[in-house]
Amino acid sequence: MKIGIAADHAGFDQKQSLVKQLQSEGYEIVDYGAHEYDAVDDYPDIVVPLANAIVNGEVEKGIAVCGSGVGVSVAANKIKGIRAALITESYSAHQGVEHDDMNLMCIGGRVLGASLITELAHAFINAKYDGGERFQRRLDKVLALEKN
């Protein structure tokens, strides 16, 4: 599975650690930046290339990191085709994919530790969309919202 990842300055160190961990486990990781620490970078500039890569099928899922995870979540959800959520615990990391077809997980690099971030990444990456009637019905309603 090809996973995209991006972070601003506030999530940079956590992203670097997560990239190394996931690569050591055999995941193909595409790093959309930041590629070096820049204290004045802006999260929209970092998350938009990742979101576009998901929409264009360059990567299957994405993980975005900023200080709280809120900023990247807000920005990513402006991109048509993205279903991003701020995740802070394991249940939502997999349930968001299984029930809502979430394709971009947003996490807070300043509020979560490395072990929890890795746990959340595994739950997210390994989850599959259920596709059952009630979940698809709800997803279709969400997709209709994008068209308006």
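As the structure is a prediction and not an experimental result, all values here were calculated from the model.

Chemist: Please set out the overall build of the protein chain residue by residue, giving values where relevant.
Modeler: Looking only at helices and strands, the protein chain features six helices and five strands. Moving toward the C terminus, one meets the helices and strands of the protein chain in the order β-α-β-α-β-α-β-α-β-α-α. Since a compact globule built from 148 residues should have a radius of gyration of about 15 Å, the 14 Å found for the protein chain is in line with a globular shape. Counting only C-alpha atoms, the protein chain reaches 45 × 30 × 25 Å along its principal axes. When burial is assessed residue by residue, the protein chain has 46% of its 148 residues classed as buried. Sequence separation of at least 24 residues holds for 68% of the intrachain contacts in the protein chain that already meet a minimum separation of 6.

Chemist: Break down the pattern of salt bridges for me, citing the residues and quoting the values.
Modeler: A side chain of one charge can pair with a side chain of the opposite charge if their charged atoms are brought near each other. This structure, assessed with the given rule, holds four salt bridges. Between E28 and K2 there is a salt bridge, and its shortest N-O distance comes to 3.7 Å. In this pair, E28 sits in strand 2 (residues 28–31) while K2 sits in strand 1 (residues 2–7), placing the two residues 26 residues apart along the sequence. Among the salt bridges present, the one from D101 reaches R83, with a minimum N-O distance of 3.0 Å.

Chemist: How would you summarise the state of the cysteines if you had to cite specific residues and measurements?
Modeler: Each disulfide is one covalent bond, formed between the sulfur atoms of two cysteines. Counting across every chain of the model gives zero disulfides. Unpaired in this structure, C66 has its nearest cysteine sulfur neighbour in C106, at a distance of 7.5 Å.

Chemist: Residues and numbers for the pairing of strand 3 (residues 61–66), please.
Modeler: The element strand 3 is largely enclosed, with a buried count of six among its six residues. Alternating residues of strand 3 divide into K61, I63 and V65 and G62, A64 and C66, and every residue in both groups is buried. In this sheet, strand 3 lies alongside strand 1 in parallel orientation, the contact comprising five bridges. From the neighbouring strand, G4 faces strand 3, where its bridge partner is G62. Sheet topology places strand 3 next to strand 5 (residues 104–108); five bridges connect them, and they run parallel.

Chemist: An account of helix 2 (residues 43–55) is needed here, citing residue identities and associated values.
Modeler: Spanning 13 residues, helix 2 covers 18 Å between terminal C-alpha atoms, matching the ideal 18 Å at 1.5 Å per step. Every buried residue of helix 2 is accounted for by I46, V47, L50, A51, A53 and I54. For helix 2, the buried positions fall inside an angular range of 160° around the axis, keeping them on one side. Contact partners of the buried residues in helix 2: strand 1, strand 3, helix 3 (70–76) and strand 5. Count one or two residues on from helix 2 and you reach G57, which has phi positive near 80°.

Chemist: I'd like a rundown of the nonpolar core, residues and numbers included.
Modeler: I63, M105, I107, F124 and I125 are the most contacted members of the largest nonpolar core, which has 24 residues in total. The leading source of residues in this core is helix 5 (residues 114–126), at six residues. Setting aside anything within four residues of it in sequence, one finds I125 in contact with M1, I3, L22, Y27, K61 and I63. Within the second largest apolar cluster, 21 residues are counted, among which are A6, V59, C66 and A76.

Rules of the game
Residues numbered from 1 in each chain as written. Predicted model: local features only at pLDDT ≥ 70, side-chain atom pairs only at ≥ 80, totals over all residues. Heavy atoms only, no water. Helix = DSSP H or I, 4+ residues; strand = E, 2+ residues; numbered from the N terminus. Rg over C-alpha atoms; globule rule 2.2 N^0.38 Å. Buried < 20%, exposed > 50% of the residue type's maximum accessible area, 1.4 Å probe, protein only. Contact = heavy atoms within 4.5 Å. Salt bridge = Lys/Arg side-chain N within 4 Å of Asp/Glu carboxyl O. Disulfide = S-S within 2.5 Å. Pairing = 2+ DSSP bridges. Expected span 1.5 Å × (residues − 1). Arc of directions from axis to C-beta. Core = buried A, V, L, I, M, F, W, Y, C linked by side-chain atoms within 4.5 Å.

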